Amino acid sequence: MTVHFVGAGPGAPDLITVRGLRLLQTAKVVMYAGALVPDELLAEVPADARRVDTQHLDLVEIVAEYEAAHAAGHDVVRLHSGDLSLYSAVAEQARRLEALGIDYDLCPGVPAYAAASAALGLELTVPEVNQSVVLTRLSRQASKMPPRETLANLGSAGALIVLHLATHLVDDVVAELEPNYGLDCPAAVVFQASQPEQLILRGTLGDIAQQVKDAGLKRSAVIMVGRSLAAEGFRDSHLYSCDRDRSLG
């Protein structure tokens, strides 16, 4: 028996991976957060599979479901929104599965920042403008950030900043990034990227907070700040350059 953690993607049901969909279609037990997983994906679950909505379950109750499936010899598909590598709470589940001797594996999903980038129609890494992307969040009411992982420290290099779970703290985002980026720095917010309710806000660090408030956004959005969001006149990449040594592939 194996617990398959599957990234369901950013919201659009057709952005799950082929591997994830196949696992879902053959599962004996499917566990998911009802508020975050689209009904179209749940329609792919076999009719005789056990469905467990974990929206109101705590970690102890979730692990108990794994143990019950293990005792019955049934594989589990554990659907998480977005991608498993970011803010998915997979680590704490995996730690307990290891202690119980239950096998598990991870199937990646399309992350929210990638869906937001696609919605904006932009490559986030532009030659000689931004070549690094920092994925982060703010602590506040959530678990604490490591002491050195402040926006002031992370933004000191001027890399493109992508903030998850921070829309309701947009004023704090602006205040902490302004010293390194300036209020004229391009900024964007993408709400529910890839979903029917998708909303895109574009502006600068100086006006993006007011745009967020005017739109009434408090969750389910990604904030991006960096020069590559509005880059113009940049040089072509070396990848397809006529001067590139093509013997290197």
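Per an unreviewed UniProt entry, the recorded name for the protein chain is Precorrin-4 C(11)-methyltransferase, and the organism is Nocardioides jejuensis. Quoted verbatim from the Sequence similarities (unreviewed entry) field of UniProt, the annotation for the protein chain is "Belongs to the precorrin methyltransferase family." Taken verbatim from the UniProt record of the protein chain, the Pathway (unreviewed entry) comment is "Cofactor biosynthesis; adenosylcobalamin biosynthesis."

Topic: the packing of aromatic side chains
For the structure on display, the rule yields 2 aromatic pairs. Consider the rings of Phe5 and Tyr66, whose centres lie 6.3 Å apart with planes at 80°: the pair is edge-to-face. Here Tyr66 lies in helix H3 (residues 59-72) and Phe5 lies in strand E1 (residues 2-7), a separation of 61 residues in the sequence. Residue Phe5 is classed as buried on the basis of its relative accessible area of 0%. According to the relative accessible area criterion, Tyr66 is buried, its value standing at 0%. One aromatic cluster is present, built from ring pairs that chain together Phe5, Tyr66 and Tyr104.

Observations concerning the nonpolar core
The biggest cluster of nonpolar side chains holds 26 residues, and the ones touching the most others in it are Leu163, Leu177, Val189, Ile223 and Val225. With 5 residues, the top contributor of residues to this core is helix H7 (residues 170-181). What Ile223 contacts, discounting residues up to four positions off in sequence, is Ile161, Val162, Leu163, Ala166, Thr167, Val170, Val173, Ala188 and Val189. Judged by nonpolar contacts, the second largest core, of 16 residues, contains Ile16, Leu24, Val30 and Tyr32.

Topic: the sheet that holds strand E7 (residues 160-163)
Spatially, the 5 strands line up as an open sheet ordered E6-E7-E10-E8-E9, and their pairing is mixed. Both edges of this open sheet fall to strand E6 (133-136) and strand E9 (199-204), since each of them pairs with a single strand only. Sheet twist, expressed as the mean angle between neighbouring strand axes with direction ignored, is 15°. As paired elements, strand E8 (residues 186-191) and strand E10 (residues 221-225) share 5 bridges and run antiparallel to each other. The partner of Phe191 across the bridge, within E10, is Ala221.

Some details on the packing of H3 against helix H4 (residues 90-100)
Contact geometry for H3 and H4: axes closest at 11 Å, N-to-C directions at 45°. Between H3 and H4, the interaxial angle falls into the category oblique. H3 and H4 meet at a crossing whose hand is right-handed. In contact with Leu59, Ile62, Val63, Tyr66 and Glu67 of H3, H4 contributes Glu92, Gln93, Arg96, Leu97 and Leu100. Class assignment for the residues of the contact of H3 with H4 results in 6 nonpolar, 1 polar and 3 charged.

A look at the pattern of salt bridges
This model, assessed by the stated rule, comprises 3 salt bridges. Two residues, Asp184 and Arg227, come together in a salt bridge whose shortest N-O distance is 3.1 Å. Of the two residues, Asp184 is situated in the loop between H7 and E8 and Arg227 in the segment after E10; the sequence distance between them amounts to 43 residues. Asp184 sits in the exposed class, given a relative accessible area of 53%. Residue class for Arg227 comes out partly exposed when judged on its relative accessible area of 35%.

Quick look at the environment of Gly226
One can find Gly226 in the segment after E10. Apart from residues no more than four positions distant in its own chain, Gly226 is found in contact with Asn130, Leu160, Cys185 and Pro186.

Some remarks on the domain arrangement of the protein chain
Under the domain assignment used here, the protein chain contains domain 1 (3-107) and domain 2 (112-230). Here the C-alpha centre of domain 2 lies 29 Å away from the C-alpha centre of domain 1. Each partner contributes residues to the interface: domain 1 has 6 residues there, and domain 2 has 11 residues. Carbon and sulfur atoms supply 69% of the area buried between domain 1 and domain 2, which totals about 610 Å² over both sides. On the domain 1 side of the contact with domain 2, Pro10, Leu86 and Tyr87 bury the most area, a combined 77% of that side's loss. Counting across the domain 1 and domain 2 interface gives 0 salt bridges. Of the residues assigned to the side of domain 1 that touches domain 2, the class counts are 5 nonpolar, 1 polar and no charged.

Thresholds applied
- Residues numbered from 1 in each chain as written.
- Predicted model: local features only at pLDDT ≥ 70, side-chain atom pairs only at ≥ 80, totals over all residues.
- Heavy atoms only, no water.
- UniProt positions renumbered as here; feature names shortened; annotations may be inferred.
- Phe/Tyr/Trp six-rings, centres within 6.5 Å; stacked < 30°, edge-to-face > 60°.
- Helix = DSSP H or I, 4+ residues; strand = E, 2+ residues; numbered from the N terminus.
- Buried < 20%, exposed > 50% of the residue type's maximum accessible area, 1.4 Å probe, protein only.
- Core = buried A, V, L, I, M, F, W, Y, C linked by side-chain atoms within 4.5 Å.
- Contact = heavy atoms within 4.5 Å.
- Pairing = 2+ DSSP bridges.
- Axes fitted to C-alpha atoms, helices over the stretch in contact; angles between N-to-C directions.
- Parallel < 35°, antiparallel > 145°, perpendicular 65-115°, else oblique.
- Left-handed = near helix turned anticlockwise from the far one by under 90°.
- Nonpolar A, V, L, I, M, F, W, Y, C, P; charged D, E, K, R; others polar.
- Salt bridge = Lys/Arg side-chain N within 4 Å of Asp/Glu carboxyl O.
- Domains from an automatic or database assignment.
- Buried area = accessible area lost by both parts, 1.4 Å probe.

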